[in-house]
Amino acid sequence: MAVGTVLVTGGTGYIGSFTALTLLEHGYDVVIVDNLYNSSRVAVDRIELICGKRPLFYEADVTDEAALDAVFAKNPAIDSVIHFAALKAVGESGEIPLEYYRVNVGGSIALLRSMTKHNVTNIVFSSSATVYGDATRFPNMIPIPETCPLGPTNTYGRTKVMIETVITDHIEAQRNNNKKAGQPYEQWNAALLRYFNPCGAHPSGIMGEDPQGVPYNLLPLLGKVATGERDKLLVFGTDYASKDGTAIRDYIHVCDLAAGHLSALSYLRDKKPGVRAWNLGSGRGSTVLEIIQAFSKVVGRDLPYEVAERRQGDVLDLTAHPALANEELGWKTQLTMEDACKDLWRWVENNPKGYRQDPPAELLEA
Ligand code: NAD
Ligand code: WQD
């Protein structure tokens, strides 16, 4: 008998696939909905290869309420949702904002409507540290606590703040309406998880990030420098007020992040808190140069880089204050940024074409 059945939207994507794997490893059944816009169905095979259990997979669009209705109707055991499906490229979000609002906000509304029709009342939502914008504008807000005022500086971040608001309003309304009607209301709950900088891959080397387009995040780009696909990394700004002049981020291993979703889901089911926001980060900041150094060490040679102008919209420091998640969820990161570098390199070195090729036999035998 499964611990529960979870609908994972965006479950073939990077963080979604690791969370689906972790759920299966902890006795949940998993139903994935993904339109494969930025992922591949091979992720489902890799999940099964690692844990011996296969999630159910539906190729469907999260903005398609009728398709979601059909998934809930066919899988009445679903009792909770983890909602990853979204567009996530910060730069692109400023170029095609309507598409970002349609998919991210519209998709979340369709999902909440469908959940409500099928009486599925727990939702864990992929928010982002980007909702805080430049937290350095507030004294005493670094590392960043959940109480830091929100102030996203790009369209993508604004979609996340809007979705947090939509979820909060809906859950609170459902609770109030049920209460007034003398009906049970405590089953309506939401976790807003604000991730810092997810990175790394599965230690087996057979599951990792495999986006459809060109990466723009630091560690995937460094991976491409290490394999020779790129000749160097551009370091965006060395004039920040940090120890080496480069910007500080809180890098969190994707396996730790996946575990955080399980902890949040258990908390919703056990404590029925209504709506809660938690930072998922390590509380440790690393500069860009520290990351280059750590990854170079794993690869075994100095990776070439060149100093460039600051990237527009970047901020000095995004480091989490993770105390709330540590205390309430009993969750904290177990893995370091160095572990993430090691696992990322094992993934990149062994799977230069990502999921478009079979993993090496020696990794499968290990
Ligand atoms: P990802 O692109 O790998 O995963 C997103 C998945 O959603 C993909 O599989 C994609 O195909 C799917 N998808 C996109 N539009 C869809 C639609 N209309 N219908 C159904 N599926 C759709 O990205 P990720 O890094 O795994 O991010 C997962 C979530 O976490 C996103 O909501 C993202 O905004 C959030 N997040 C990511 C990061 C990060 O740095 N990776 C940081 C903070 C928050
Ligand atoms: C990290 C650091 C760059 C590339 C983004 C989103 C955020 C969240 C996570 C979704 C920065 C520097 C990078 C390069 C560099 N995603 N850098 N050269 O910008 O912190 O966060 O991903 O929610 O919303 O904004 O991550 O990996 O792009 O950059 O010097 O070629 O590396 O300037 O300081 P970021 P990143």
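Parameters and conventions
- Residues numbered from 1 in each chain as written.
- Chains lettered and ligands numbered in written order.
- Predicted model: local features only at pLDDT ≥ 70, side-chain atom pairs only at ≥ 80, totals over all residues.
- Heavy atoms only, no water.
- Near = heavy atom within 4 Å.
- Polar contact = N/O pair within 3.5 Å; in protein donor to acceptor, adjacent residues only side chain to side chain.
- Areas by Shrake-Rupley, 256 points an atom, 1.4 Å probe, with all protein chains shown as cover.
- Helix = DSSP H or I, 4+ residues; strand = E, 2+ residues; numbered from the N terminus.
- Core = buried A, V, L, I, M, F, W, Y, C linked by side-chain atoms within 4.5 Å.
- Buried < 20%, exposed > 50% of the residue type's maximum accessible area, 1.4 Å probe, protein only.
- UniProt positions renumbered as here; feature names shortened; annotations may be inferred.
- Pairing = 2+ DSSP bridges.
- Axes fitted to C-alpha atoms, helices over the stretch in contact; angles between N-to-C directions.
- Contact = heavy atoms within 4.5 Å.

Draft legend 1. Molecular detail of the site of ligand 2. Near ligand 2 lie 19 residues; those nearest to it are Tyr156, Leu218, Leu234, Arg249 and Asp314. Here Leu218 contributes a backbone N or O atom positioned 2.7 Å from an oxygen atom of ligand 2. Within the backbone of Leu234, an N or O atom sits 2.6 Å from a nitrogen atom of ligand 2. Protein coverage of the free-state accessible area of ligand 2, which is 680 Å², stands at 90%. Among the elements of the structure, helix H7 (218-227) and strand E8 (233-236) are those that each provide at least two residues to the shell around ligand 2.

Draft legend 2. Fine view of the nonpolar core. Grouped together as the largest cluster of nonpolar side chains are 64 residues, with contacts concentrated most on Leu23, Leu219 and Phe295. Of all the elements, helix H8 (residues 254-271) adds the most residues to this core, at eight residues. Listed in part, the 28 residues of the second largest apolar core include Val33, Tyr58, Val62 and Leu112.

Draft legend 3. The arrangement of the UniProt feature "domain: NAD-dependent epimerase/dehydratase" (unreviewed entry) in the chain in detail. Residues annotated by UniProt as "domain: NAD-dependent epimerase/dehydratase" (unreviewed entry) correspond here to residues 6-281. What you have in residues 6-281 is 41% helix and 19% strand, and the ends, taken at the C-alpha atoms, are 23 Å apart.

Draft legend 4. Just the sheet that holds strand E9 (residues 248-249), in detail. Ordered by their spatial adjacency, three strands build an open sheet running E12-E9-E14, and the pairing between neighbours is mixed. The open sheet is flanked by strand E12 (286-287) and strand E14 (317-318), the only strands paired with a single partner.

Draft legend 5. Summary view of the site of ligand 1. Close contacts around ligand 1 come from 26 residues, with Asp34, Asn38, Ser39, Phe84 and Tyr156 the closest. Between Asp61 and ligand 1, the recorded distance is 2.9 Å, taken from a side-chain N or O atom to a nitrogen atom. When ligand 1 sits alone it has 820 Å² of accessible area, and the protein chains cover 95% of it. Contributing elements (two or more residues each) for the shell around ligand 1: helix H1 (14-25), strand E5 (122-128) and helix H6 (155-180). With three residues, the single largest contributor to the shell around ligand 1 is E5.

Draft legend 6. Region of the structure containing unusual backbone geometry. With an omega of -5°, the peptide bond between Ile142 and Pro143 qualifies as cis. Among the secondary structure elements, Pro143 is positioned in the loop between E5 and H6. Non-glycine residue Leu36 carries a positive phi angle of around 65°. One can find Leu36 in the loop between strand E2 (29-34) and helix H2 (42-51). With a phi angle near 45°, Lys272 is a residue other than glycine that sits in the positive phi range. Here Lys272 lies in the loop between H8 and strand E11 (275-280). Accessibility expressed as a relative area gives 35% for Lys272, which makes it partly exposed.

Draft legend 7. Here's a closer look at the sheet that holds E5. The strand order across the open sheet formed by seven strands is E3-E2-E1-E4-E5-E6-E11, and the pairing between neighbours is parallel. If you trace the sheet from one side to the other, it starts and ends with strand E3 (56-59) and E11, each paired once. Pairs of neighbouring strands in the sheet enclose a mean axial angle of 20°, with direction left out of account. Judged from the seven bridges that link them, E5 and strand E6 (residues 189-195) form a sheet pairing that is parallel. Note that in E6 the partner of Ser128 across the bridge is Tyr195. Along the sheet face, H1 touches strand E1 (5-9), E2, strand E4 (78-83) and E6 and points at about 165° away from the line of E2.

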